[in-house]
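Listed here are the chains, written in short residue letters.
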Amino acid sequence: MSGGSVGLAVRFGRFELQPAARVLLVDGAPAALGARAFDVLMALVERRQAPVSKDHLLQLVWPASVVEENTLQVHISALRKILGPMAISTIAGRGYRFTAELDADDAPAAAPGALSMAPPATPHNLPQPRTRFIGRETSLALCMGLLQTTRLLTLTGIGGCGKTRLALALAQRRLAAFADGVWFVDLAPLQDGQRVAPAVAAVLGLPDDGTTPLLARLQAHLAPRGVLIVLDNCEHLIDAAATLADALLGGCAQLCILATSREALGVTGEQLVPVQPLCLPAASDLAAVRDSDAVRLFADRAGLVAPGFVLDEGNAAAVADICCRLDGIALAIELAAARVGMLPVAEISARLGQRFRFLTGGSRALPRHQTLLAVLQWSHDSLSPAEQRLFMRLGVFAGGCTLAAATVVADSGDEHSVLALLQRLHDRSLLLVQHDVQHTEPAPPRYRMLETVRQYAMDRLDAAGDADASRDRHLHWVVALAERALAEVQGPQQGAWMQRLAQEQANLLAAHRWCEHAVQGPHAAIRLVACLWRYWVASAQLETGHALAEQALARAPADTAALWHGRAHWALGQIAFRMGRYGQSLAQAEVCLALAASVGDAELTAISLGLRAKALHSSGQLALARQHYLQACSVARTLASPFWLGTALNNLAELHRSVGQFDAAEACYAEAVEISRRLQSPEATFVPLCNLARLAVASGQLERARLLLQDSLNLAAGAGLTAMGEDLLDVAAGLASARGEFSLAARFAGAAAARMQEGGSQREPVDQAFIAPLLARASAALGTAAYAAAEAQGRAWSHAAAVSEVRRWAAQGSPAPADVGAQPAG
């Protein structure tokens, strides 16, 4: 063997490598060596004079595939197990080298037809990365496919997201496809667009003949050649880069260009690939954290400054928090990881509130890549004044926004002009666009900044002195949204509006926080509490809703409108009732009644009477509760809308059920369901329907209970009523026990308990009286240990898994056991 090609057999120690037969003999017997491991060995033996980089090995052995580096490491480990640890050396920062001594280094050249893996070397000037390329396997595979079908591929994204590293990895893996070279041209150092073409010519080694124009010489040189040019960092010279790319592609049929830029070049035929942030942990457990590309990058770079750094149970949560708060931006994560040598990861996480001061330093690269602040500063300074103004004002949106919301906060009455500016911000990778579907209907697009970008925008907004006015406009928009939602969530669009409020939750909370500082903030906070209480209840966020209501009412000014003040107190009373705080609920009801009387509002009077009756009922004062339930129904019948009558009837039925008056309860529930169905109000229908199912179980009508449960399941699913899951599970647990399916009853009960614990709710006494004997029966039948084990299984279910199991089970329609009789809950 000589040169760089293996043809005849090669021997070293106990081993003989036979390329033509693709076999490695050990003491004359074939070794158990896979095809890829054999190819790796061949590549190393052929290039034994020098280390072979990991990327080069990947390209040689897997020329048309995207393979993770750990796959290569697996094959290297397999070879070392056979050959011994000294046959293949790892050269730090350079790759692997075959170091075993050959018995016949002067073997003849390869015979005709013998294997030669090494293709003719492709000339290139690609810089050798000094750190590992981590993650982005999907993006790399996508780009490799696109680069076979397009001649201009542009990787776009915010500064620091990893465009250059992805481009270099892609170019390295496509070396074999460009026989005449792959040439990297870094435009970052250039300040003048007129230097772009000369920079390309210099990299290509194209001399100046003194007569022919440079563009013509470039075209003549490249026209007959299969070449890939990587134009890196085009954004600050975008026009010059686009002009050159257009001219070269038009005159050079075999040329391909791979560009990186914060915005598109805008050339005909350009294929854009937005480079997304690195993927974040999908869950909080250690395995999921380790699988995250963002965390893998942090751990790798942390190991460079702290060789003993290991991701473990003790630091995984803090590392995941760092990566999530930094939005998976590669540069930000690398800058944070560089601090591991000085600070524990928990302290790094704690300091990210000042990320632009904290995440500085890094490599001695260009100044605009040395700090996170510099990267964003450059992007901001490249915007027009109108774009800068909108960019800053959008920072007040904590969870993104729609076009309509952006127009309000931009203080513009022209959506078309705002849309044009949004387009420019998106084109420059400062804004993400999210398209969603809301209950099978297309939802308006949402425009969102990465949190790091948003913080920078807010810093600029504060510096410009425009922050208070922008936050005020944001608050006014949120209040208007909440007031519209108050009416909509009672009707057929309840599900869509609950989902919309969920999308806006970060904005709802931001508006509440600003209420502490805005001139009219205390009044706005009262309206937000009165309008949004149903959302906090339906989304199982009782603690949040309760805290916001108490804070708003504590700051309520003396001149607060009595009607809104009463509604806010009633909202707090409703949330407190769901949390089992019946004394507070009763106190709020008394305040509501006084305020209702002061303004003579019948609706507030009806709902306040209902709240007082519920609190009295749950406190055991049944006679007084009955009196107030009847009064609430009487007043509700005078209202223009029957909505609150349905609520009052359901509550009266609860009292009838609690004392065993099943016929009276049935009549009230049925009327409540009929009213709510007529109004097409999902939640108002769900509540009495679920209670009817409880009543059917308690009276031994098990098949009817199953059908009512199915109906309730469909309603909850269609309207996205997350908090209703605990009621569904409670009904299912009771029905399962009544049917003699005790293990399943225990699992449903465990799932219901877990949901109530998560949401902070408590069973009402009437519902506790329903379920307690049924679960006691299941526990007695199973035995304490078996019941506890089954209940624990249910507690471990996710909300979706638990409801899905109820749905599957309820659809079976199994007959009730013969020995099951009526089980009155009262």
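It should be noted that the structure appears before, not after, this text.
First things first, this report covers the structure right here in the doc. Every value quoted in this text rests on a predicted model; they were computed, and no experiment measured them. (Residues numbered from 1 in each chain as written. Predicted model: local features only at pLDDT ≥ 70, side-chain atom pairs only at ≥ 80, totals over all residues. Heavy atoms only, no water.)

## What to know about the overall build of the protein chain
In terms of regular secondary structure, the protein chain is built from 37 helices and 15 strands. Along the longest, intermediate and shortest principal axes, the C-alpha atoms of the protein chain span 105 × 70 × 50 Å. Taking all 826 residues of the protein chain together, 52% fall into the buried category. Split by element, the accessible area of the protein chain, about 33900 Å² in all, is 54% carbon and sulfur. Here the protein chain holds 70 positive side-chain charges and 75 negative ones, and the gap between their average locations is 2 Å. (Helix = DSSP H or I, 4+ residues; strand = E, 2+ residues; numbered from the N terminus. Buried < 20%, exposed > 50% of the residue type's maximum accessible area, 1.4 Å probe, protein only. Areas by Shrake-Rupley, 256 points an atom, 1.4 Å probe, with all protein chains shown as cover. Lys, Arg positive; Asp, Glu negative; His and termini not counted. Charge placed at Lys NZ, Arg CZ, Asp CG, Glu CD.)

## Description of helix α15 (residues 372–381)
By the burial criterion, the buried members of α15 are L372, A374, V375, L376, S379 and H380. Of the surrounding elements, those touching the buried residues of α15 are α12 (330–337), α14 (355–358), α16 (385–394) and α19 (451–464). (Contact = heavy atoms within 4.5 Å.)

## Some details on the side chain of S681
Within the fold, S681 resides in the loop between α30 (662–678) and α31 (682–698). Of the residues examined, S681 reaches a relative accessible area of 2% and is grouped as buried. The residues touching S681, leaving out its near neighbours within four places in the chain, are Q490, G491, F643 and S676.

## Comments concerning the pattern of salt bridges
Applying the stated criterion to the full structure yields 35 salt bridges. For E451, the salt bridge is made with R454, and the minimal N-O distance between the two is 3.2 Å. Remark: R454 and E451 occur in helix α19; sequence separation between them is three residues, near one turn of the helix. E451 sits in the partly exposed class, given a relative accessible area of 26%. Two residues, D711 and R677, come together in a salt bridge whose shortest N-O distance is 2.6 Å. Taken together, the positions of D711 in helix α32 (residues 702–719) and R677 in helix α30 put the pair 34 residues apart, joining distant regions of the chain. Judged by relative accessible area, R677 falls into the partly exposed class, the value being 39%. Each of E654, R657, R694, D727 and D767 takes part in one network of salt bridges that share partners. (Salt bridge = Lys/Arg side-chain N within 4 Å of Asp/Glu carboxyl O.)

## A few points about the nonpolar core
Counting 212 residues, the largest nonpolar core has F298, F391, L394 and L709 as the members making the most contacts within it. Counting residues per element, this core draws most heavily on helix α23 (residues 521–538), at 13 residues. Those residues in contact with F298 that sit more than four places away from it in its chain are F309, V319, I322, C323, I333, A336, A337, V340 and V345. By size, the runner-up hydrophobic cluster in this structure holds 32 residues, among which are L190, A197, A199 and L231. (Core = buried A, V, L, I, M, F, W, Y, C linked by side-chain atoms within 4.5 Å.)

## Quick word on the sheet that holds strand β2 (residues 15–18)
The sheet built from four strands is open, its strands ordered β1-β2-β3-β4 with antiparallel pairing. A strand with exactly one partner marks an edge of an open sheet, and here the two such strands are β1 (10–12) and β4 (29–30). Sheet topology places β1 next to β2; three bridges connect them, and they run antiparallel. Across the sheet, residue V10 finds its bridge partner in β2, namely L17. (Pairing = 2+ DSSP bridges.)

## Focus on the sheet that holds strand β11 (residues 271–274)
Pairing is parallel in the open sheet, where five strands are placed in the order β8-β9-β10-β7-β11. Bordering the open sheet on either side are β8 (182–186) and β11, each of which pairs with just one other strand. When strand polarity is set aside, the average angle formed by the axes of neighbouring strands in this sheet is 15°. Across five bridges, β8 lies against strand β9 (residues 228–232) in parallel orientation. Bridged to V185 within β9 is L231. (Axes fitted to C-alpha atoms, helices over the stretch in contact; angles between N-to-C directions.)

## Some details on a negative patch on the surface
Together, D285, D291, D312 and E313 line one region of the surface with negative charge. Take D312: it is sitting in the loop between α10 (293–305) and α11 (316–325). (Patch = residues over 30% accessible without salt bridge, like charges linked within 9 Å, V, L, I, M, F, W, Y side chains within 5 Å.)

## A word on the state of the cysteines
Taken as a whole and assessed by the stated rule, the structure comprises zero disulfides. Cysteine C323 is unpaired, with the sulfur of C324 as its nearest cysteine sulfur at 6.9 Å. Left unpaired, C668 is separated from the closest cysteine sulfur, that of C633, by 6.7 Å. (Disulfide = S-S within 2.5 Å.)

## Brief notes about helix α36 (residues 784–796)
Look at α36: 19 Å from first C-alpha to last across 13 residues, which is about the 18 Å you get at 1.5 Å a residue. Considered for burial, the residues of α36 that qualify are Y787, A790 and G794. In an axial view of α36, the angular spread of the buried residues amounts to 70°, which keeps them on one side of the axis. Exposed residues pointing more than 90 degrees away from the buried face of α36 are listed as T784, A785 and A796. (Expected span 1.5 Å × (residues − 1). Arc of directions from axis to C-beta.)

## A word on the environment of Q128
Among the secondary structure elements, Q128 is positioned in the loop between β6 (95–98) and α4 (137–146). Here Q128 falls in the partly exposed class, since its relative accessible area comes to 46%. Distance in space between the C-alpha atoms of Q128 and D55 is 9.2 Å, their sequence separation being 73 residues. Excluding residues within four positions of it along the chain, Q128 makes contact with S53 and Q172.

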